[in-house]
Amino acid sequence: MRRRELLAGVGSAGVIAGAGAVAASGVPSVDELLGRESDQPEPEEPLEVETVDAPGSEAGTATVPASDRATFVDIFGTWCPPCVEQMPALAEANDRIGDEVLFISVTSESVGEDGSITRAELADWWDEHGGDWTIGLDPTAAVTERYLESGYPSAAAIDATGRLRWSESGVKTADELVAGIERALEADP
Amino acid sequence: MERRTYLRALGGTGVAGLAGCLGDVPGIGGDDRTVLEGNARGDPSHPVNGEEFPSFSLPDPLADETVSLEDYTDDRPFLMTFFYTSCPDGACPALLLRLRRVQEDAIERGYADDVGLLATTFDPNRDTPEALEEYAKQQGVDLEVGNWHFLRPEDNEAAKTFVEDDVGMPVERVEDHSALGHGEGGGNGTGESEGRNETNGTHGNETHGNETEANGSHGENRTNGNETHGNESETGGHGDGYAFTHYNLIVLVNEDGVVERAYPRAIDPQGGVTPEELVEDTKTVVDG
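- Looking at an unreviewed UniProt entry, chain B carries the name Electron transport protein SCO1/SenC, with the source organism given as Natronococcus jeotgali DSM 18795.

- Going by an unreviewed UniProt entry, chain A carries the name Alkyl hydroperoxide reductase/ thiol specific antioxidant/ Mal allergen and comes from Natronococcus jeotgali DSM 18795.

Here is the structure:
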């Protein structure tokens, strides 16, 4: 059954290089093949990120994952065409379920006067692409390292205890994003 | 044969490693000299643990210097990966992220001067110095630290020669990426990969006029979407009419110029190398 999910995932992913959709489930482990449940993930330490002033986003800081609720992280870059392609689905998912989680998009690109984009340009980009939720900066790529699957964009849903419940790379639909987020909301740690 | 048989062999073995084949050189596991399909990779063509990394001397246009194997031997270990900036789907950024995280760790733990981080483009025709500089910023690379070099062979032909013939990492130019969709479904290939790549995504790609410069000889790949295996990563592309199917290879080389580890499908969630693992492996070699 695991197997079936996996195959379906790979097929429909189609989007991203390599292992697009294999995500957290991945190739079945020995435990999975033997029917043992072993996928209780470990909680992860919160990482602090700077948030920027943009539509739906205030300048300040946030922790990823949040300590008081579930978290949805979109790992993106303004340079990344599939990330742009996914923005409408993210906006819809945020409309549907964003109130229940920390809903945040994080980029590790160099933001600033010497960077590929300034904070003001990032805010404009955000506005242009319909962004209306929190943007976080990840200059050391620590958040990206933790939550990037095989490529950009990647989506991750973490439950309120900091355990990763879902992650996949590639362009997702709003339904897929919401379903992933629900896994974090429904998780019973 | 070669191309086609070769790709089919890849499909059959489905393994990361790339069945011991240098580009057009015949003689892969699972080729027509055996009855059974390959059950595992043959001798990998890229160097693996214990083998010498091939000599190189390549320009870094941003630092305006030439970087050679000899700069590192008897001095410090290095990591090398291979990419192109037009990489459509984030596979190359995922490779660079791993080197970037090593750079970050090296800064934090004080070994920035004791490791080299080399990212070699196999698309120098489009990856101009300006494009590379912009890419560095997009990927958050710190060029000021001085341990990162973008290596840019003279042109795409030279790049192919270095990457395929010297290093042994096949790179396939794909001309008509619109026929391929946006990229391949995954396929982590641990021996069960046939049939898993069947479904191509069909995301809208712009179609551009074909370019006619170097490397135009691979047109036969255009309809072979399902044979360009997921492990080697993406096909499809945005802009400029061609893309590459390539392995997501990272090589960790010690100060004797000997490969400590090759990670041929580095970005795969299973069987690849996470940034954390790469950081630890690199630190171990630096300390060793």
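## Some thoughts on the sheet that holds strand β4 (residues 101–107) of chain A
Strand pairs in the sheet, formed through backbone hydrogen bonds, run parallel or antiparallel to each other.
Residues and elements named next belong to chain A.
Step number 1: With respect to topology, 7 strands assemble into an open sheet ordered β2-β1-β5-β4-β3-β6-β7, the strand pairing being mixed. For this open sheet the edge positions go to β2 (60–64) and β7 (164–169), each flanked by a neighbour on one side alone. Between one strand axis and the next, the sheet turns through 30° on average, direction left out of account.
Step number 2: Sheet strands in contact with helix α3 (residues 81–97) are β3 (70–76) and β4, and its direction is about 165° off that of β4.
Step number 3: Across the sheet, helix α6 (residues 174–186) lies against β3, β4, β6 (154–158) and β7, angled at about 160° from β7, the strand it touches most.

## A look at unusual backbone geometry
Residues and elements named next belong to chain A.
Step number 1: Cis geometry marks the peptide bond from Val64 to Pro65; its omega dihedral reads -5°.
Step number 2: Considering the arrangement of structural elements, one finds Pro65 in the loop between β2 and β3.
Step number 3: Of the consecutive residues Tyr152 and Pro153, the connecting peptide bond is found in the cis state with omega at -10°.
Step number 4: Following the sequence through the fold, Pro153 ends up in the loop between α5 (142–147) and β6.
Step number 5: Even without being a glycine, Ala141 presents a positive backbone phi close to 65°.
Step number 6: By the secondary structure assignment, Ala141 is in the loop between β5 (134–137) and α5.
Step number 7: Among the residues examined, Ala141 registers a relative accessible area of 1% and is labelled buried.

## Some words on the UniProt feature "binding site: Cu cation" (unreviewed entry) in chain B
All names here are of chain B.
Step number 1: The UniProt record marks Cys87 and Cys92 with the feature "binding site: Cu cation" (unreviewed entry), using the residue numbering of this structure.
Step number 2: Note that Cys87 resides in the loop between β3 (78–83) and α2 (91–108).
Step number 3: Assignment of secondary structure puts Cys92 in helix α2.
Step number 4: Since its relative accessible area comes to 0%, Cys92 is described here as buried.

Procedures and definitions
- Residues numbered from 1 in each chain as written.
- Chains lettered and ligands numbered in written order.
- Predicted model: local features only at pLDDT ≥ 70, side-chain atom pairs only at ≥ 80, totals over all residues.
- Heavy atoms only, no water.
- Pairing = 2+ DSSP bridges.
- Helix = DSSP H or I, 4+ residues; strand = E, 2+ residues; numbered from the N terminus.
- Axes fitted to C-alpha atoms, helices over the stretch in contact; angles between N-to-C directions.
- Contact = heavy atoms within 4.5 Å.
- Buried < 20%, exposed > 50% of the residue type's maximum accessible area, 1.4 Å probe, protein only.
- UniProt positions renumbered as here; feature names shortened; annotations may be inferred.

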